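Take a look at the letters that make up each chain.
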Amino acid sequence: MSDGATSSTDQTPEYRYTAELAGEIERRWQAHWAAHGSFNAPNPVGPLAGGVPDDKLFVQDMFPYPSGAGLHVGHPLSFIATDVFARYNRMIGRNVLHTMGFDAFGLPAEQYAVQTGTHPRTTTEANIERYLSQIRMLGFGHDERRRIATTDIEYYRWTQWIFLRIYNAWYDDEQDRARPISELEIQYAQDKRRTPDGRNWCELTVAEQREIIDSHRLVYLSDAPVNWCPGLGTVVANEEITADGRSERGNFPVFRKNLRQWMMRITAYADRLVDDLDRLEWPEKVKTMQRNWIGRSYGANVHFPTEDDRIEVFTTRPDTLFGNVGLILAPEHPMVDEIMPGAWPSGVDERWTGGAARPAEAVAAYRQAASRKSELDRQENREKTGVFTGAYATNPVNGKQVPVFVADYVLTGYGTGAIGVSPGEDQRDWDFANVLGLPIIRTVQPGEDFDGEAYAGDGPSINSSQENGLSLDGMYIDEAKQTIIQWLEEHGYGEGRREYKLRDWLFARQRYWGEPFPIVYDEDGMPRPLPEDHLPVVLPDVPEYTPTSYDPNDADTEPNPPLAKTTDWVEVELDLGEGRKKYRRDTNVMPQWAGSCWYQLRYIDPVNSEVFVDPDNERYWIGKRPDQHGSNDPGGVDLYVGGVEHAVLHLLYSRFWHKVLHDLGHLSSEEPYRRLVNQGYIQAYAFTDSRGFYVPAEEVSEVDGEFYYNGEKVSREYGKMGKSLKNVVTPDEMCETYGADTFRFYEMAMGPLEVSRPWATKDVIGAYRFLQRLWRNVIDENTGELRVADVDPTEEDLRALHKAIAAVREEFAELRFNTAGAKLIELNNHLTKTYAAAEATPRALAEPLVLMLAPLCPHSAEELWNRLGHDESLVHGPFPEADERYLVEDTMEYPIQVNGKVRARVTVPTSADDDEVRAAALGEERIAALLNGGEPRKVIVVPGRLVNVVL
RNA sequence: GCCCCCGUAGCCCAACAGGCAGAGGCAAGCCGCUUAAAACGGUUGGAGUGCCGGUUCGAAUCCGGUCGGGGGCACCA
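Quick caveat, the model's predicted, so the values are computed rather than measured.

**Remarks on the pairing of strand β22 (residues 639-642)**
Residues Leu639 and Val641 of β22 are buried on one face, and the alternating residues Tyr640 and Gly642, pointing to the opposite face, are buried as well. Both strand β1 (residues 56-61) and β22 contribute to a ladder of three bridges, which runs parallel. What sits directly across from Val59, in β22, is Leu639. Strand direction decides the pairing type here: β22 and strand β23 (residues 676-678), joined by three bridges, are parallel. Among the inter-strand pairings, Tyr640 is bridged to a residue of β23, identified as Leu676.

Printed below as a string of structure tokens:
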């Protein structure tokens, strides 16, 4: 790294803004802000109550995980951005809530504990301290009273409380909202709701009643197949599995396995989670990812009668039913065995039998082969395969007998686990039909220039009519679908249906460092929620943290959570309203996402011991504000900034919890995050030598576009910043070399927040020079005295100033910190040019410049503001306001285009109307010459912009 | 394979809603300061917007195609 910045030599003026001075100022103002609670934002009610203006702003960074590795310069990018935005808004008088807590449960501390025996809490707390010391160095205006960590017992007590609220709720499809489970019990007790087997509620045993109630809960135990990851010793959620079927964390193989696990019924909210995306100010990219993940599709269930039953098929293209040439069941489909005849029909196609003598053998062999395929095989080998079951079903739309197959590209878990084969409009079906020699009937007319195989596009239906009058011919997809669904419903052959890719959320992990479940099991093994006054369920100390992980490839292993080993904690005697009895605690812990599902709510009311968040405080900070955000405003945090990697997991789970809590009456808002911005990443160059090893990037020098390390040529790569690439630059070293303000200014100047860009240490000097020049315009470098005087600025100065104010305000408000910084440099350059050689800088220019600098470089701004004679910190403003008078010019210069090319310029009074501008333009010497006395074909005057003359 | 985003000066980036391609920074050149250099201050050039075509009086901006980079999804019927 070039070390020019710190090397202040003897000749450096004594009072120059150097990194040393910056550091001193920064520490001093950080202490001042802390001592004065400068960033404390009052709440309407409760422990943090104070006078609150109606105008508020809640800014939030995505919950950081306090890793022990320390920060590099990429990490604080979004933190600086939110801080600048928060500071600007605070200065213009808003009540701004900005803080930062820690998502502190999770595997790294636990794995460290496994290796060293150090309690995860010890590691976690040390890491949080380390993290805090790094971010505090950067001068963020966080409300320190609102810092929380998910590992705080007082915090996870409420996480457990929310879990119980969700557990004790059910989804009422009629009202389309969650309701307390007690209301369901009343419905059953009053026989307003039928029991599954039709008996009266009072005829059921207590256990039977409980089983029915439990089956409705938003949290339930399921024996369904889950993703078992032996390498981690725990199960993981669908969302935590990568495309190639491995765990996101650790990259271990994941196996489908039937285990009894806690699930959360997020699918009940699928529609609202999709629909309400339209109410959010989020990047389209994230909305699209959520829509795809939820994967709602509209289609129909179609009944295909078989000899003595019927097969239900889900299709999104019921309009193609006339082109149906077969059915396929998933290998695990329960009806396979039912419909299989003992022998092949006569004349069966040999491609259908897999060479087996009888259907049962063919299917058994196929099933075995399918189960042996790993996820990876399935994806890499897309060759369609399948075998005939020997059975036929009837296509209801035309009465044709179609063969029923088994094929592994049909999944059990989606739709009905059975599909119809319409090769003309689906490429997968086309491929399958080709492999098995099925006919292909197009039912949608492709365009003339179409030369592909299956045609999935829109077009008029063809070959889609039957004798008794049903016809789709000529209809386009939408109409054809509607028509056929109506026909199916009228004739009892099926019904319209919505289907989702979204599955319920696997909510338990067999680990140690997480929130314990507030659930115990009674002697019959039935789960019992703990009453609220039994919270918190505190995570006990355990003799060992190892969750019993296994050979990552051994699918035949069982989870054995660390908590199960603490018998004195697991076995408890409690009074749950039936006298003291023995119970066994649940030994799972919640997934890491639990704590981050609701932290914005706790930021609002961090020390409230009565409720998780007071309704008045919730309404104030994240309540709906239709007057500002439109009648459909769902409420939520005003600005949420974080990485796009949380697009599905965290953001979907958090929205789900928020909606449940809203339904149950605990929250007025319907969404947690009204506006979301994804910051770009700071990436960096890395360099490898001839052997392919990484060399320290900071010691590489560039000569004529080639890169050298120790005189040896190296090659450049571009990627993430990290230890393994030996290209880490830390905020610590930037603060050391330039000061935090320079670092902040540079990070913001690099480009728009949303854009990823390469780190370039050599460019930081530009921000440093700017701050030095600005400093020099206010402070005499040689004496340290103020060099500001109460002299009147010129008209030109005022124009420059007010133009800058108007622009900077707008840029700050729109999160365009790069251009805001540029405008400040521009204004400062004007001051340097005009007053650097003069006696002093006019106060009327210096003060607004310092104030406008404050959001970006708060320490130097505070210091200069103070030296300018102000005793009050500028944290709460004032912020300069632009005077319209100086924004309008008396005259303006119009470029004159001839046929779109600029040929001349003319200056006219700003007040000139179009005709006057036109006259002036045509009268201009060179234009007049070009016209040569003739009339132009057309003259376009764009007021305030230009004149275009068409010859 | 499908979908989305981005290509402006040697580099990072500006250009409001189609209207003079340049605000700002880095690097480069020159000048000043200096015995000299660094640092500092001043100052100067430099792209016609990846490419092809279209719409328009006028396109970096809108449309179609194409190339390059990044990201998401990937048998979801």
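**Focus: the sheet that holds strand β34 (residues 938-942)**
Across a sheet, paired strands are connected by hydrogen bonds in the backbone, their directions being either parallel or antiparallel. One open sheet holds the four strands; their spatial order is β33-β32-β35-β34, and the pairing between them is mixed. Edge positions in the sheet fall to β33 (901-909) and β34, since each of these pairs with one other strand and no more. Put simply, the sheet's adjacent strands are angled 20° from each other on average, direction ignored. Where strand β32 (residues 891-898) and β33 come together, eight bridges link them in antiparallel fashion.

**Observations concerning the sheet that holds strand β16 (residues 494-499)**
Reading across from one edge, β11-β10-β16 is the order of the three strands in this open sheet, with antiparallel pairing throughout. Both edges of this open sheet fall to β11 (310-315) and β16, since each of them pairs with a single strand only. Put simply, the sheet's adjacent strands are angled 30° from each other on average, direction ignored.

**Observations concerning the state of the cysteines**
Evaluation of the coordinates by the stated rule reveals zero disulfides. Here Cys857 is not cross-linked by a disulfide; its sulfur's nearest cysteine counterpart is in Cys735, at 12 Å. Given the relative accessible area of 0%, Cys857 is considered buried.

**So, the pairing of strand β3 (residues 169-172)**
Alternating residues of β3 divide into Ala169 and Tyr171 and Trp170 and Asp172, and every residue in both groups is buried. Here four bridges tie β3 to strand β4 (residues 177-180), and the two strands are oriented antiparallel to one another. For Tyr171, the partnering residue across the bridge sits in β4 and is Ala178. Where β3 folds back on β4, the antiparallel hairpin that results is connected by four residues, among which Asp176 adopts a positive phi of roughly 55°.

**Here's the deal with the domain arrangement of chain A**
What the domain assignment reports for chain A is domain 1 (1-36 + 738-888), domain 2 (37-151 + 594-678), domain 3 (177-216), domain 4 (297-499), domain 5 (684-719) and domain 6 (889-950). One C-alpha centre belongs to domain 4, the other to domain 6; they are set 70 Å apart.

**Some points on the packing of aromatic side chains**
Scanning the model with the defined rule gives 49 aromatic pairs in all. Look at Tyr88 and Phe879: their rings are 5.0 Å apart centre to centre, the planes differ by 85°, and that puts the pair in the edge-to-face class. Residue Tyr88 is found in helix α2 (residues 77-91), and its partner Phe879 is found in the loop between α27 (858-867) and β32; the two are separated by 791 residues along the sequence. Side by side, Tyr88 and Phe879 carry an identical accessibility label, which is buried. Put simply, the rings of Phe163, Tyr167, Tyr171, Trp262, Tyr269, Trp505, Phe507, Phe517, Trp593, Tyr653, Phe656 and Trp657 pair up and form one aromatic cluster. Cation over ring: Arg87 sits above Trp33, and NZ or CZ is 4.5 Å from the ring centre.

**Examining helix α14 (residues 477-490)**
The α-helix advances 3.6 residues per turn, and as a result positions three or four apart in sequence lie on the same side. The end-to-end C-alpha distance of α14, which contains 14 residues, comes to 20 Å, matching closely the 20 Å that a straight helix rising 1.5 Å per residue would cover. Residues of α14 that are buried include every one of Ile477, Ala480, Lys481, Ile484, Ile485, Trp487 and Leu488, and no others. The arc that holds every buried residue of α14, seen down its axis, measures 160°, which confines them to one face. Turned more than 90 degrees from where α14 packs its buried face, Asp478, Gln482 and Glu490 sit exposed. Close packing links the buried residues of α14 with β10 (297-305) and β16.

**Considering the protein's contact with RNA strand B**
Close to RNA strand B lie 54 residues, the nearest being Thr316, Arg428, Arg905, Arg945 and Asn948. By atom count, sugar and phosphate contribute 61% of the portion of RNA strand B lying within 4 Å of the protein. Asp763 has a polar side-chain atom sitting 2.7 Å from a sugar or linking oxygen of RNA strand B. The side chain of Arg776 places a nitrogen or oxygen atom 3.5 Å from a phosphate oxygen of RNA strand B. The dominant element in the surface near RNA strand B, judged by the number of residues it contributes, is helix α25 (residues 817-835), at eight residues. Of the residues assigned to the surface near RNA strand B, the class counts are 20 nonpolar, 15 polar and 19 charged.

**Here we look at the nonpolar core**
Trp759, Phe812, Phe817 and Leu856 are the most contacted members of the largest nonpolar core, which totals 92 residues. Sort the elements by how many residues they give to this core and α2 lands first, with nine residues. Each residue touching Leu856, except ones within four places of it in the same chain, is listed here: Val84, Arg744, Phe745, Met748, Phe812, Phe817, Gly821 and Leu824. Core analysis: the next-biggest nonpolar cluster, separate from the first, contains 91 residues, Trp158, Met264, Leu563 and Leu649 among them.

**Remarks on unusual backbone geometry**
Following Leu535, the chain continues into Pro536 via a peptide bond in cis, with omega recorded as -5°. Among the secondary structure elements, Pro536 is positioned in the loop between β19 (527-529) and α15 (567-570). The peptide bond linking Gly877 to Pro878 adopts the cis configuration, its omega dihedral lying at 10°. Along the polypeptide, Pro878 turns up in the loop between α27 and β32. A positive phi is found at Asp176, a non-glycine position, where the angle reads about 55°. Along the chain, Asp176 falls in the loop between β3 and β4. Within the chain, Asp191 stands out as a residue other than glycine whose phi angle is a positive 55°. Examined against the element boundaries, Asp191 turns out to sit in the loop between α6 (181-189) and α7 (206-216).

Cut-offs used in this document
Residues numbered from 1 in each chain as written. Chains lettered and ligands numbered in written order. Predicted model: local features only at pLDDT ≥ 70, side-chain atom pairs only at ≥ 80, totals over all residues. Heavy atoms only, no water. Buried < 20%, exposed > 50% of the residue type's maximum accessible area, 1.4 Å probe, protein only. Helix = DSSP H or I, 4+ residues; strand = E, 2+ residues; numbered from the N terminus. Pairing = 2+ DSSP bridges. Axes fitted to C-alpha atoms, helices over the stretch in contact; angles between N-to-C directions. Disulfide = S-S within 2.5 Å. Domains from an automatic or database assignment. Phe/Tyr/Trp six-rings, centres within 6.5 Å; stacked < 30°, edge-to-face > 60°. Lys NZ or Arg CZ within 6 Å of the ring centre and 35° of its normal. Expected span 1.5 Å × (residues − 1). Arc of directions from axis to C-beta. Contact = heavy atoms within 4.5 Å. Near = heavy atom within 4 Å. Polar contact = N/O pair within 3.5 Å; in protein donor to acceptor, adjacent residues only side chain to side chain. Nonpolar A, V, L, I, M, F, W, Y, C, P; charged D, E, K, R; others polar. Core = buried A, V, L, I, M, F, W, Y, C linked by side-chain atoms within 4.5 Å.

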